[in-house]
Amino acid sequence: MHSRTSGAPASRPRERRHRPVARRRVASGAAYRLRAQQQLRRFRGGSVVAVAITAMLLMLTDTSVAGTQAADTAVPPAPDTAAVVAEATSTVTALLYSFYGLLPRIGLALVVLGIGWLLRRTVAAMLRRTAAQWQRRAAVQAIATLLIYLGTAVAVLSVLAGDVRAMVGSVGLLGLAASWALQTPIESFTGWLLNAFRGYYRVGDRIAVGDVFGDVYRIDMLTTTVWEAGGPDKAVRAAQSTGALITFPNWEVLRSNIVNYSRDFPFVWDEVTFGVANESDLAYTIDVLERMAHDELGDDMASAVETYQSLLRSERLDFDVDAVPRVYLSPADAWTNCTLRYLVPVRSRRAWMSRLVLRASVELAAPAHVGRIVGAYPRTEVHLRSSWAVSQAEPVSPP
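This is a predicted model, so every value here is computed, not measured.

Bringing unusual backbone geometry into the picture now. In the Ramachandran plot, Arg316 falls in the positive-phi region, its phi being about 60° despite a non-glycine side chain. For Arg316, the position within the fold is in the loop between helix H8 (300-314) and strand S7 (326-331). For Arg316, a relative accessible area of 79% gives the class exposed.

Printed below as a string of structure tokens:
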């Protein structure tokens, strides 16, 4: 009994100590909620004021805009006809005075144009009289005409503008732009000038430029036209005219190799090959073919070789050149090739080859050369083995 009565008073003071703490917590929470509610009321009131002020500003703005639009849509007053006529008259008068001020410059520009035209005609007439047979006359005349035109254009623009330096700068810029835009025509014109001064080819020459091979028919400032000659990949396989005209730009002179077969020496070295058997008398065969070719070509080859040697000596390239046809030997599979080398005019190459082949076929088949010159025929070696030898052969093991 004593333990129960003694324990009860001890638990009551603990409860009393915890009650003030709980009361303080509840009071602080209520104060926090009160402050939050007050702040929320103030925020709502400020929002309502802001919305009201914005609405008033929008109403005022709409009113001003509407007033402005009404003012703009109002009918403008009628223009003063006398004022409009006076303004137009003053504008036309100013233009006329400006034109009158330009009349002296326009007249001077026309005089400059006339002087340029007369100068071009004079230069062309002088070149025709003094250098009518000069092959480079066309190139010199073209350059002189171009320079006269450029000088005249610069002078006319300078007179009209009144500032020479500004016009020279403008012409320079225009020339730079034109050089980029007209690059291909400028290259072709440059190739024409280079060919005119250097003489790579002329009308009538047989040339090969790139894939073009033929006789020059016309040379213009931008293009060259040739009569096409045959070749390995063409309908006419020999170097003879096909009847077709080929036009190529003159910039090929700057980019391709130019082969001229008739400019300074209208002859070409050509070859034709004859096959004889290995058992033939090769020295005798060479003598027969060389005599036959010399009789057929005559003295024309000797005179052409003399011209060729004189050209070589003029360029300090003096070396021996065969003045008569020569035969050179080369081994083949089952016979010997006898190659006859000779000099003939460039445009009759195929005709001379036909004549020499016909003459050689008759000469080599003559009865006087029987037994010493034996013709070559295709030969094939055939190895025959009996069936017994095949059966006795050792089998070959596969690899």
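Next comes the rest of the description.
Looking now at H8. Structurally, the α-helix is built with 3.6 residues per turn, so residues lying three or four positions apart point the same way. If you check H8, its first and last C-alpha atoms are 22 Å apart, about what 15 residues at 1.5 Å a residue would give, namely 21 Å. Among the residues of H8, Met301, Ala304, Val305 and Leu312 are the ones counted as buried. Seen from one end, H8 has its buried residues packed into an arc of 100°, which puts them on one side. Every exposed residue of H8 that faces more than 90 degrees away from the buried side is listed here: Glu306 and Ser314. Where H8 is buried, its residues contact strand S6 (267-276), helix H7 (282-297) and strand S8 (336-345). Positioned one or two residues after H8, Arg316 has a phi angle of 60°, which is positive.

Okay, the sheet that holds strand S2 (residues 212-219) next. As summarised here, the arrangement of the five strands in space is S4-S3-S2-S1-S5, forming an open sheet in which the pairing is antiparallel. Looking along the sheet, the strands with just one partner apiece sit at the ends: strand S4 (241-249) and strand S5 (258-260). The sheet shows a mean angle of 40° between the axes of neighbouring strands, direction not considered. Of the strand pairs in this sheet, strand S1 (residues 206-209) and S2 are connected by four bridges, and their pairing is antiparallel. Pairing of Ala208 across the sheet is with Phe213, part of S2.

Definitions and limits used
- Residues numbered from 1 in each chain as written.
- Predicted model: local features only at pLDDT ≥ 70, side-chain atom pairs only at ≥ 80, totals over all residues.
- Heavy atoms only, no water.
- Helix = DSSP H or I, 4+ residues; strand = E, 2+ residues; numbered from the N terminus.
- Buried < 20%, exposed > 50% of the residue type's maximum accessible area, 1.4 Å probe, protein only.
- Expected span 1.5 Å × (residues − 1).
- Arc of directions from axis to C-beta.
- Contact = heavy atoms within 4.5 Å.
- Pairing = 2+ DSSP bridges.
- Axes fitted to C-alpha atoms, helices over the stretch in contact; angles between N-to-C directions.

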